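Chains, contacts and geometry: an overview
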Amino acid sequence: MPLLKVRNVTKRFGGLVAVDDISFEIRHGETMAIVGPNGAGKTTMFNLINGVFLADEGQMIFEDVDVTHFPSYRRAHLGIGRTFQIPRPFASATVRENIAIGGMFGAAGSEVNVDEALEMADHYIELIGLTPHRDKPAGGLTPIEKKMVEIARALAMKPRLLLMDEAMAGMNPTDIDKMVEFLKDIRDKEGIAIVAMVEHIMRAVAGLAERVLVMHQGAKLVDEPTQEALSDPKVIEVYLGKPAEEFHA
Amino acid sequence: MMRHLQKYSPILPVLLAYGVLLGIGLAYPGKWQLIAQLAFYCALGQAFNLFMGMTGYVDFGYVAFLGVGTYGMAVSIYFLYDKGLGIGLIFIGLALAAVFSTGLSLAVGAVALRLRGAYFAIATIGVNEGFRYFVEGARIWNGADGMIFSRHLRKAVGRETAMTLSTQWADILVFGVAVLAAILTLVYMRNKVGYALTALREDEDAAKVMGINVTKFKIIAFITSAVLAGLLGASAWALKLTYVYPEDVFEIHYTVEAIIIVLLGGAGTLLGPIVGALIYGASKYFLAIVLPGFQLLIFAPIIIVIIVLFPEGTVGILKKKIRGTALEKFII
Amino acid sequence: MIFEQLSGNLLQGVILGGVYGMATMGLSLIFGVLKVVNVGHGAFIMVGAYVALILFQTLGIAPPLAVPVALILGMALGMLFYYTAIKKLLKGPELASLLATFSIGVILEEVCKQLFTSEARGYHWGLDKLDLGFTVLPYSKLIAFGGSILVGLLLYLWFHKTRAGMAMRSVVEDDEGAGVCGINVDWEYALSFSIGIGLTVVSGVLLTMFIPVGINPYMGGSYTLKAFVIAVLGGLASPYGAFFGGLVFGLIENGSYTLFAQIPGLEPFAMTRFFSFVMLLVILLIRPTGLLRTK
Ligand SMILES: Nc1ncnc2c1ncn2[C@@H]1O[C@H](COP(=O)(O)OP(=O)(O)O)[C@@H](O)[C@H]1O
Ligand SMILES: [Mg+2]
C-alpha cells in the first residue's frame, strides 16, 4: 500500500490551471523529487498535498484515509510535514520554541507535553547544528538558518511524509551535499518518505531522489527513476534546451 | 516539582505589584478610589491582552463583554433580591456574568473567528453598538431606561452589607479578576495553548501546517478573555455603582482604553498590561486635574506613536534589555 | 394605499442608499489599493458633516458649495495621515494599521469635541419639497442623491479615462507588477488614501441632508458600521460594488424600519441599528468576500 495516493488532482486560480489532472503515488520511506521550471505548479502541488489549498477536483488518500477534504492541521496529525519555499518560522518565538511547536502539535502531538516537546527540540537543535542560537528569536536568523529551523520543526512533527519546498535553493554545492546526506540519514533512521521540490538543482536531485516527477505548466510530464528522468529528452526540452552538462551540474 | 514551579515564577512580580497597590489602598483610604481605578485598568488590560496580545487579533467591540457582564450581575440582584438568597445573589450574579459573556463570545466568535485579520476586526466593530441597540430596541431589561438596583441590593443583604459590597468588595473583586487574568495568561503561556497562540499570531497558515487547530485555540482565548471582561463588568460596574444604563456600558471608549493600556505596556507580555495600566491610569488621573476632557485626545496619538516607533511596548523593550540576565526568569 | 406607502418607502430607500453608497466608496478604494481597513471611516464622515454645518451657519454657504472645501480638507487629512502613520505600517502586521486607523478616528472625534462641544447640532437649508403624491421628497435629499451619482461617475471616468486613474487601477490589480512598469507605487498609495478620505469627507456633507439634528463628534460610529455592511455587501475592495451595496442597504434599512415600527413593544430606530449589526454578521458568515461580486 502506498503512503500517499494522488488521483487526478486539479487546482485552478481563476482561469489559470496551476495543477492539471495529476496522479502519482508515494511509497513508504522513499525519496522523490518534483522538478520543473518556475511556475510549473510545484508549490501548488505541495499546498494541495498538505491542505493549504483544497483540490478543485480529484482525490487524495493518505495511508487509508481519504484526506481530500481535510484541513491542513488534520493532515499534519496524520503525518504530513512541510517546509516552505520562503522559510516561515514563527518570528517572535525562539528557535527552541519553534521546533517544540512542531513536536507538540504534529503527528505525535497528542502524546507530547510541553516539556517533552522542548526536550525533543534540544535534540533536533543539536542535529541541525543551531545550538548557539537555541534561545534567540527565530526572526533574527539568516535565511539559511531559518531554513534549518524549519526543517527541524518539520522533523519534530514526526511526519511520515516530509514535503520540502526548494529546501536547497541558495545553497552552495558543499552545503547541498551536506544537506543531501543529512536528509538521507533522516530517511533511513526515521523511515520518513521525503518529497523534495527542487527547481534547477540537479545535483540534489541526482544525489537524493530515487524517483523524479517532472511538472510542466501544471501537468505531469514524466514520473520515472532518477537516472532515466535526467536523460529523458522530454525533460531536457522543458529546461529550454540547456546543454546536458549544465543541466546535470 | 521545583522545576515545575519555576516555570511559573513570572507570577511573582505580578502578585507583588497587586499586593503593593492593595496595600497602598488600605493604608491610605483617601486614595482608595484612585487605587480601585488603577486596579480596574490592570484587570481590563490583562483580560484584553489575553486575546489581543496573544492572538494578534483586535476586537473593537470588546466592551460589549463588560456590558453583558454588568447586566448579569444587575439581573441577578434586580430580579432575585426577594428570594432570600442573601449574599448568594452576588455569586449568582458573577455566574450569570460569566454565562452572558460566554454566550455573546460564542455567538460573535462563531462568525468572526472563522475570518482572518481585517475581516475579524470588521465583524467585531459593531458588537457593542449592536448589543446596546438590541437592549434598547427590544426593551429588554427596561431598555434604554436601564436598571437601578441599589434598593434591591439593600433589601437582599441589609444596608450595611450593601454598603460594604459596593464600596469595598466590588473593588476587591476587581483585584481578584486582575489576578485571575494574570494567572490564566501565564498558565496559557506555559502550556500548549500559549504555544499555539504564538504560532498563529506570527503566521496562521504555517501554524495550521504544524498541526495547530487555530480556530479552537482562538476560541479558547476569546472566551477566556470575554468571561474575564464579564466578571470585571459585574464587579467594577454593576456591584460598585448598583445601576446600569445601556448607553454607558457599551461605550466604545473603554475599548480604546484597553487598547492603549495593552500597547503602552507591551502586547502579549504578562507584565505589560500592569505597566500600561499604571502609566495610563496615573497620567489620566493627573490629566483630569490639569487638562480635563483631553485624555483621549492626548492618548490616541500616543497609540499611533507606539505602533510606529515602539510596537513592543514598555515590557517588550525591557525584555530585550534583560535577555541573558537573572531577571529574565521573572519578567515576561 | 399600501402600494403607495411601499413605493414611497422604496424611493426613500434608494435615495438614501445612493448617498450611503457614495459614503462607502472611499472605504473600498482604500482597501482595494492599500489593503488597509479604515476603522476610523465614520469619523471622516463626521468631519464632512461639520464642514457643511459650519460653512452654512457661519458663512451662509449652501451645502453643495461645501463639497469642494470638504474634498480639499479630506484629501489634505488623507495625505497627513498617510505620511505620518499609514505609510510606515503597510509592511507590518495587519493589527498595526487597524489600530492606527482606529486611533485616527478617535483623534478626529476628540478634536471635534474640543472645537464644537459634544452637543448634537443641525442646520436647516430651507429648500422646498417635491410632492410626488405617494411620497414627499425634499429637494435637498434629491440634490444629495444627484451629487452622489455624479461623484460616482466622475470617479469612474477618472479611473478609466485618465492616465493617473489607470495607473491606480493597475496598482489594485498587481502592485508589484505596477512597480516594475515604472509606476510610483508609494505615490499611488498616498493618492488613493487621500482620495478615499476626500470622498468620505464629501459624503459627510451630503449626508447632512438626511440628519436634521444629529451632527455630533461621535456620530461616525454608526456610519462606520453601516459602511462595513455596505462594503462587505459589495465586495470590500470594489468602489462600484460599494455603490450598489449602498442602494441595497438603503432599501433594507428603510424596509426594516417600516417593519419594526409595526411590531408593538419595539423601538424601531434602535432595532434598525441593531439590525445593521446582525446583517454584517450574517453577510460575513455566508459570503465574506461580498454578496454582489460574481466571482
Ligand atoms: N495563491 C495563488 N493565487 C493565484 N495564482 C497562484 C497562486 N499560487 C500560485 N499561483 C500560480 O500558479 C502557478 C504555479 O505556481 P507555483 O505552484 O508556485 O509554481 P512553482 O512552485 O512550480 O514555481 C503560477 O502561475 C502562479 O502564478
Ligand atoms: Mg515554488
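Analysis parameters
- Residues numbered from 1 in each chain as written.
- Chains lettered and ligands numbered in written order.
- Predicted model: local features only at pLDDT ≥ 70, side-chain atom pairs only at ≥ 80, totals over all residues.
- Heavy atoms only, no water.
- Domains from an automatic or database assignment.
- Buried area = accessible area lost by both parts, 1.4 Å probe.
- Salt bridge = Lys/Arg side-chain N within 4 Å of Asp/Glu carboxyl O.
- Polar contact = N/O pair within 3.5 Å; in protein donor to acceptor, adjacent residues only side chain to side chain.
- Helix = DSSP H or I, 4+ residues; strand = E, 2+ residues; numbered from the N terminus.
- Donors = N, O, S within 2.8 Å, 3.2 Å for Na, K, Ca; no water.
- Buried < 20%, exposed > 50% of the residue type's maximum accessible area, 1.4 Å probe, protein only.
- Core = buried A, V, L, I, M, F, W, Y, C linked by side-chain atoms within 4.5 Å.
- Contact = heavy atoms within 4.5 Å.
- Phe/Tyr/Trp six-rings, centres within 6.5 Å; stacked < 30°, edge-to-face > 60°.
- Lys NZ or Arg CZ within 6 Å of the ring centre and 35° of its normal.

**Examining the domain arrangement of chain A**
All names here are of chain A.
- According to the domain assignment, chain A consists of domain 1 (1-79 + 160-249) and domain 2 (89-158).
- Each of domain 1 and domain 2 has a C-alpha centre, and these two points are 24 Å apart.
- Roughly 1,100 Å² is buried in total at the junction of domain 1 and domain 2, and carbon and sulfur atoms are behind 71% of that figure.
- The largest contributions to the domain 1 side of the interface with domain 2 come from His 77, Phe 182 and Glu 190, which together make up 34% of the buried area.
- Joining domain 1 to domain 2, the criterion identifies 0 salt bridges.
- Summed over the shared surface of domain 1 and domain 2, the result is 1 residue pair in polar contact (both at pLDDT 80 or more).
- Within the residue set of the side of domain 1 that touches domain 2, elements represented by two or more residues are α2 (72-78), β7 (161-165) and α6 (173-190).

**Thoughts on the coordination of the magnesium ion (ligand 2)**
All names here are of chain A.
- The coordination sphere of the magnesium ion (ligand 2), as far as protein atoms go, consists of Thr 43 (OG1) and Gln 85 (OE1), spread over 2.0 to 2.3 Å. Of this pair, Thr 43 sits in helix α1 (residues 42-49) while Gln 85 sits in the loop between β6 (80-83) and α3 (95-105), and the two are 42 residues apart along the sequence.
- The class of Thr 43 is partly exposed, set by a relative accessible area of 25%.

**Description of the nonpolar core**
- One finds A:Ile99, B:Val58 and B:Phe60 to be the most contacted residues of the largest nonpolar core, which totals 274 residues.
- Discounting residues that sit within four places of it in the chain, A:Ile99 has contacts with A:Ala121, A:Tyr124, A:Ile125, A:Ile128, A:Val149, A:Ala152, A:Arg153 and A:Ala156.
- Counting residues in hydrophobic clusters, the runner-up holds 26 residues, among them A:Val6, A:Ala40, A:Val67 and A:Ile80.

**Considerations on α3(A)**
- The buried fraction of α3(A) is high, at 10 of 11 residues.
- Listed in full, the buried residues belonging to α3(A) are A:Val95, A:Arg96, A:Asn98, A:Ile99, A:Ala100, A:Ile101, A:Gly102, A:Gly103, A:Met104 and A:Phe105.
- Looking at the buried positions of α3(A), the neighbouring elements they touch are α2, α4 (114-128) and α5 (143-156) of chain A together with α10 (192-202) and α12 (214-241) of chain B.

**A short note on the interface of chain B and chain C**
- Taken together, the contact pairs 40 residues of chain B with 41 residues of chain C.
- Here chain B packs against chain C, burying approximately 3,600 Å² in sum over the two surfaces, 80% of which is carbon and sulfur.
- Among the residues of chain B in contact with chain C, B:Tyr119, B:Ile122 and B:Tyr133 are the three that bury the most area, contributing 17% of the side total.
- Summed over the shared surface of chain B and chain C, the number is 2 salt bridges.
- The closest approach of N and O atoms between B:Glu129 and C:Arg273, which form a salt bridge, is 3.5 Å.

**A word on the packing of aromatic side chains**
- This structure, assessed with the given rule, holds 38 aromatic pairs over all chains.
- For the pair B:Phe51 and B:Phe120, a centre-to-centre distance of 5.7 Å together with 45 degrees between the ring planes defines the contact as tilted. Here B:Phe51, found in helix α3 (residues 32-55), pairs with B:Phe120, found in helix α6 (residues 117-124); they are 69 residues apart in sequence, far enough to count as distant. Of the two residues, B:Phe51 and B:Phe120, neither departs from the other in class, the shared state being buried.
- In textbook terms, an aromatic cluster arises when at least three aromatic residues are bridged by ring pairs, as seen for B:Tyr71, B:Phe100, B:Phe131, B:Phe134, B:Trp141, B:Phe250, C:Phe274 and C:Phe277.
- Here A:Arg88 stacks its cationic end above the ring of A:Phe84, 4.5 Å away from the centre of that ring.
- Its guanidinium or amino end placed over the ring of C:Phe31, C:Lys35 lies 5.8 Å from that ring's centre, counting from NZ or CZ.

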